[in-house]
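Reading the structure
What follows is each chain in one-letter form.
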Amino acid sequence: MRIQFLGAAGCTSGSCYLLAFGDKQVLVDCGLFQGPEELKQRNYGDFPFVPSEIDAVILTHAHIDHSGLLPKLTRLGFKGPIYATAVTADLCAVMLADSGHIQEMEVERKNRKLARRGQPLLTPIYTVEDAAKTMEHFKRMVYDEELEVLPGLRLRFRDAGHILGAAIAELWVTEEGETTKFVFSGDLGNVGQPILQDPTYITEADVLVIESTYGTRLHEQREERLEHLADVVNRTMERGGNLLIPAFALGRTQDVLYALRVLQDQGAIPPLTIYIDSPLASKATEVFRKHTQVFDYETRAMVREDRSPFQGPGVHYTETVEDSKRLNSISGGLVIISASGMADAGRIKHHLKHNLWRPQAAVLLVGYQAEGTLGRRLQDGAEEVRIHGEQVKVRAEIATISGFSAHADQAGLLSWLRRFRHLGHVFVTHGEKESAEGFAELIEGELKVPVVVPRLDESYELKGTQAVSTWDTHYRSFSVEEDFSGVCQVVQGAEVQFRGAYGLAQRRFKIPNSIFTAFNLGSARQFFARLALVRLGHEAALVSAPAGDWEQQLAEVTGQAPWEVVQREVLQPAQLRSSGYFYLDQLPVWAASGYTTTSAGRLVENIYALAGAEEKPQLFASAPDLARLWQLLAAGEFLPLEEVRRLLAPYRAKRPGAYRIEGQAPGVRALFGGTLEEPLTVVVLSNGEQGALHAFEQLLALGKAGEASGSTFGQ
Ligand SMILES: [Zn+2]
Ligand SMILES: [Zn+2]
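Rules used in this analysis
Residues numbered from 1 in each chain as written. Chains lettered and ligands numbered in written order. Predicted model: local features only at pLDDT ≥ 70, side-chain atom pairs only at ≥ 80, totals over all residues. Pairing = 2+ DSSP bridges. Helix = DSSP H or I, 4+ residues; strand = E, 2+ residues; numbered from the N terminus. Axes fitted to C-alpha atoms, helices over the stretch in contact; angles between N-to-C directions. Contact = placed C-beta atoms within 7 Å. Buried ≥ 20, exposed ≤ 12 C-beta atoms within 10 Å, placed from the backbone. Domains from an automatic or database assignment. Nonpolar A, V, L, I, M, F, W, Y, C, P; charged D, E, K, R; others polar. Core = buried A, V, L, I, M, F, W, Y, C linked by C-beta atoms within 7 Å.

**Comments concerning the sheet that holds strand β22 (residues 459–463)**
Sheet strands pair by backbone hydrogen bonding; their relative direction is either parallel or antiparallel. With mixed pairing, eight strands are arranged side by side in an open sheet as β6-β5-β4-β3-β2-β1-β22-β23. Each having just a single partner strand, β6 (138–141) and β23 (466–469) make up the two edges of the open sheet. This sheet shows a mean twist of 25° between the axes of neighbouring strands, independent of strand direction. As paired strands, strand β4 (residues 56–58) and strand β5 (residues 82–85) are joined by two bridges and run parallel to one another. Across the sheet, the residue bridging to V57 is I82, located in β5. Across the sheet, helix α4 (residues 86–116) lies against β5 and β6, angled at about 105° from β5, the strand it touches most.

Here you go:
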């Protein structure tokens, strides 16, 4: 039995766990990656598994970071059922259609630009139609019902108290006569929060996968939170400004409406004019109104007494874009609740542009603000922000209320955990690194159970309550030299078998290398120029002597800058999205700086490359991108296989059937390759000069051995 962490590992988005037992493979959640650009790139390209081989999906709740890649899954061939609660299914109909629309719009915008430049067009990750088709796979369940979803797999959903319909998934998995009980917390809510029932306590788990969004933090108390909200509302209304509340359409918007209703009923704030300016929030609220039976006791009573928080004289739902724009001309007296919750997309950005510069206005942040978002910048006290290409001064009051979180805080998570009478092994996921690691330490100390924070794509073999990382077992003998700085990755078939990141990408700012870091490929850029020539039908590039200035030839043949041709003929069609040509003084944040040692033994940032670059942009790529390129070559999808073999002939490695492409420059070592049969990809990228070759050769040998022994990596 095996579990693999394909999302929400080392980050909070992209929740997706692959459970393999017997000859079955099941996904728990299939979420969209959100946040920094390099993470979002994971939404494109192939899944690290074969969609048609997945037997079923178990979906904990409708939030897009858990459900958002389901339409891509069905688009790429998934045929099985998706199990979810009825409310989750109804909410997904709204959320996934909206997400499909966003994907289409985004690509349409990009394609207008590409079309003008005569470049090949992109296709969206999925469309509204894909989202609609996905809905046909849903199987609706009710809380506490137990169901055999596959031979050897029983499922029960329990209330997670996170958003309406959200569930904890209990799974009983039987393999070779032995049953292991899994508990996936999904996103866990707070006790005593509005509208929702409390999270259900679970008492037994052989394997628990628990979220840790707030694993190291505490929320404000409910009373303080309401008081705090009343203060902000009153202050803003007295100043005569608008109060803007960026809020997730699903969950947070309804929570805020509820709190404002309660405060108005108490007379703590004046009667308000509230606009819900998000079509998605309006539709989600519609689903809430249809499922009042799952509300908690107080909210059911409010609805019965005609005090519904979701409708009333002061509550307006904007319908059209014109309605929304009209709000921009009103300078005060409104409460505007609008998406997105982190203010990095959606209509809230327009409202921020029109109000941030007004000292009378206020922005109230009521949700988690991820790094890199506009919401986070405001929270961190930015004095000026950029919205839709315009600089906007921040003069409005910026307030934060953390208690609104739909996630349990550290105390909440711990008190939920303490109810377990049997707890075998714990995996801590769905948190930023510090949060997950801090919380894992706390659990280990308090509950004395084995706890692990899995790495993205890492696989664990499970036996009873024993969990062993296949990365650690099979690659135990692998070691990098002490001063190696860079990343290593081994991919076999679709599965990431090993991954490691070492050293710093930026020493000055102490930014560590991560699997998403892009590295200068140095002279390996010539390989890309050859690839482009072959793609353009120039047989000469298939000759067996690889030396020569292929970029020069590419320039002569096309009359264009070689990097532009490679971008168009290789990087774009292969969808190598975190790769590109960058000038060394304009590197993107996810690129590593090269470090080289002077003859005096001093380590310096790589200025030689700068001087020698002759104002040529350098080719940077990430390990996942190079692995993707190799997989495409091996599959014959990028070029006919016969041409691939001729192209690669000069790069043959000592090991039979294996290839090694190398690049170097001062402070740069890049090695990638592997085998074409049973495609094995090994990538070692370094922003230093030590140990790269040594690492590559070890991994190539171990990768091959893994293929031979087979059993450890069954499936
Ligand atoms: Zn959630
Ligand atoms: Zn989540």
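**Details of unusual backbone geometry**
Geometrically, the link from A339 to S340 is a cis peptide bond, its omega value of 5° lying close to zero. Relative to the assigned elements, S340 resides in the loop between β15 (334–338) and α11 (348–355). Despite not being glycine, I195 has its phi angle at roughly 70°, a positive value. Along the chain, I195 falls in the loop between β10 (178–184) and β11 (204–211). For I195, a count of 23 C-beta atoms within 10 Å gives the class buried.

**Looking at the domain arrangement of the protein**
What the domain assignment reports for the protein is domain 1 (2–217 + 406–474), domain 2 (222–404) and domain 3 (486–713). One C-alpha centre belongs to domain 1, the other to domain 3, and the line joining them spans 32 Å. Taken together, the 18 residues of domain 1 in the interface contact 19 residues of domain 3. At the level of elements, α1 (37–40) and α15 (470–474) are the ones that each hand at least two residues to the side of domain 1 that touches domain 3. Ranked by residues supplied to the side of domain 1 that touches domain 3, first place goes to α15 with four residues. Taken together, the residues of the side of domain 1 that touches domain 3 sort by class into eight nonpolar, six polar and four charged.

**Section: the nonpolar core**
Across soluble globular proteins, nonpolar side chains show a tendency to be buried alongside one another. Y17 and I245 are the most contacted members of the largest nonpolar core, which totals 144 residues. The element that contributes the greatest number of residues to this core is α4, accounting for eight residues. Split by domain, this core shows at least three residues from each of two domains, domain 1 (2–217 + 406–474) and domain 2 (222–404). Other than its neighbours up to four places away in sequence, Y17 contacts I3, Q4, F5, L6, L27, V28, D29 and V209.

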